[in-house]
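The chain contents come next:
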Amino acid sequence: MNTMATPGTEKITIVLATGNPDKVREMRPLLEHVSPLVEVACLRDLGAEIEVEETEKTLEGNALLKARAIFRHLSGRLGYMIALADDTGLEVAALDGAPGVYSARFAPMPDGMAPAYEDNVRYLLERMQGITDRAASFRTVIAMKGRIPSRNGDFSFERTSEGSVKGTIDLERKGTEGFGYDPVFVVDGRGRTYAEMGIAEKNTLSHRALAVKQAVADLKIIFQTHDLPAKLSTDTHEPR
Ligand code: ITT
C-alpha cells in the first residue's frame, strides 16, 4: 500500500474470515470496540465468495490458513485490513478429544454430503450413549493477519489468540439459542447449555468471546504502538 501514510485517519477493515453466519453474529459486537478507525465486515458484506478448505490438523493451523487466504484474496481491494479467522473444536475427553478439529465434519454422511449441525449433535449423543464421563471443552483459536498504517510505512503482522471453556455433554438437547453443539454443551459453573443462554450471555463467557477478547487486547496494543487511536475499554461494553 502507500508507504509513509498519515496514521490516524485511514479506515481499517476487520474482515471476519468465515462462511459461518452464526459466528459472524457472535463476533461482530465484540470487535466493534477496537478503534474508531475500524469497520467490521464479513465476507458476505464484501461480496467475497471464497471457500477455504481446512486441511491442517490443528485449530491454530486452520485458523492461520483461513486468515492468510482471506488476506491474500482481499488486501489488494481493501488496503488497510485485518483478516480475522477462528477455528473452533469441541473436545470430548471420553472420545480422546474428538471431534476436535473435525467438529464440522463429525457425523458420517453419504458421499460428498456435509453434515448439518443436527447430524453432528445426534451422532455425538449416540457416541456418548452409556458413557458416564461427560467432560468436554470448547476451544477457539483466532488468527489475524493484518496491514495497518504507521508513521514509518505500513505495518504487517500476524497474531493468534485462544479461548477455552470447560463443560459437560448433556444426555439430551436443551435450549433453542446458539448453533452447532450449543444445545448439548453444559457450561461448568452455570449448569445450563449455551443454547439456554442468549447471545449476550454467551458472549460474556464463551470460548470464542475469550479468544476475541485477547485478540482485541492485542490489536489495541498494536494500534497504540503505531500511534493509531484505540478505544479505551471503559468506552464500550467490552466483554469481560
Ligand atoms: P468457518 O470455517 O467458515 O469459520 P465452520 O462452521 O467450519 O466455519 P469451525 O470449523 O470453526 O467453523 O467449527 C466447526 C464446528 O464446530 C461448527 O460447524 C459447529 O458445528 C461447531 N461450533 C463452532 N463454534 C461453536 C459454538 O460456539 N457453539 C457450538 N458449536 C460450535
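One can find the structure itself at the top, above this paragraph.
Residue positions are given per chain, counted from 1 along the sequence in the order it is written. Reporting in this predicted model follows two pLDDT cut-offs: at least 70 for local features of residues, and 80 or more for side-chain atom pairs to be given and counted; totals over whole chains, interfaces and linings ignore these cut-offs and use all residues. Only heavy atoms go into the side-chain values, all of them from the structure, while hydrogens and water stay out.

Trainee: Lay out unusual backbone geometry with the relevant residues and their values.
Mentor: Proline 99 follows alanine 98 through a cis peptide bond whose omega is 0 degrees. Among the secondary structure elements, proline 99 is positioned in strand E4 (residues 99-100). Even without a glycine there, the phi angle at aspartate 96 is positive, about 55 degrees. Here a strand is any run of E in DSSP of at least two residues, a helix any run of H or I of at least four, and the numbering for each starts at the N terminus. Summarising the element assignment, aspartate 96 is placed in the loop between strand E3 (81-92) and E4. If you check the backbone angles, aspartate 227 has positive phi at about 60 degrees while not being a glycine. Take aspartate 227: it is sitting in the segment after helix H5 (207-225). Classification of residues uses two cut-offs on accessible area relative to the type maximum, computed with a 1.4 Å probe and protein chains only: under 20% is buried, over 50% is exposed, and between them is partly exposed. Aspartate 227 gets classed as partly exposed once you look at its relative accessible area, which sits at 38%.

Trainee: Mind laying out helix H3 (residues 117-127), listing which residues take part and the relevant values?
Mentor: Listed as buried for H3 are Asp119, Asn120, Val121, Leu124 and Leu125. Pairs of residues are marked as contacts when any of their non-hydrogen atoms sit within 4.5 Å. Looking at the buried positions of H3, the neighbouring elements they touch are E3 and strand E6 (155-169).

Trainee: Provide a residue-level description of the packing of aromatic side chains, including the pertinent values.
Mentor: By convention here, two paired aromatic rings are described through the distance between centres and the angle between planes. Each aromatic pair joins two rings of Phe, Tyr and Trp (for Trp, the six-membered one) with centres within 6.5 Å, and gets the label stacked for planes under 30 degrees apart, edge-to-face for over 60, and tilted for any other angle. Evaluated as defined, the whole model comprises six aromatic pairs. Ring centres of phenylalanine 138 and phenylalanine 185 lie 4.8 Å apart, and the angle between their planes is 65 degrees; this geometry places the pair in the edge-to-face category. One end of the pair, phenylalanine 138, is in strand E5 (residues 135-148); the other, phenylalanine 185, is in strand E7 (residues 185-187), with 47 residues separating them in the sequence. Using a relative accessible area of 0% as the deciding quantity, one classes phenylalanine 185 as buried. For the pair phenylalanine 138 and tyrosine 194, a centre-to-centre distance of 6.0 Å together with 40 degrees between the ring planes defines the contact as tilted. Here phenylalanine 138 is found in strand E5, whereas its partner tyrosine 194 is found in the loop between E7 and helix H4 (199-205), with 56 residues between them in sequence. In textbook terms, an aromatic cluster arises when at least three aromatic residues are bridged by ring pairs, as seen for Phe138, Phe185 and Tyr194.

Trainee: Describe in detail the pairing of E3, supporting the description with residues and values.
Mentor: Within a regular strand, the side chains alternate between the two sheet faces. Counting buried residues in E3 gives eleven out of twelve residues, a clear majority hidden from the surface. By the convention used here, strands pair only if DSSP detects at least 2 bridges between them. Of the pairings in the sheet, the one linking E3 to E5 comprises twelve bridges and is antiparallel in character. Counterpart to valine 92 in the pairing with E5 is alanine 136. Inspection of the sheet shows E3 paired to E4 by two bridges, in the antiparallel sense. In the strand pairing of E4, glutamate 91 is matched with proline 99.

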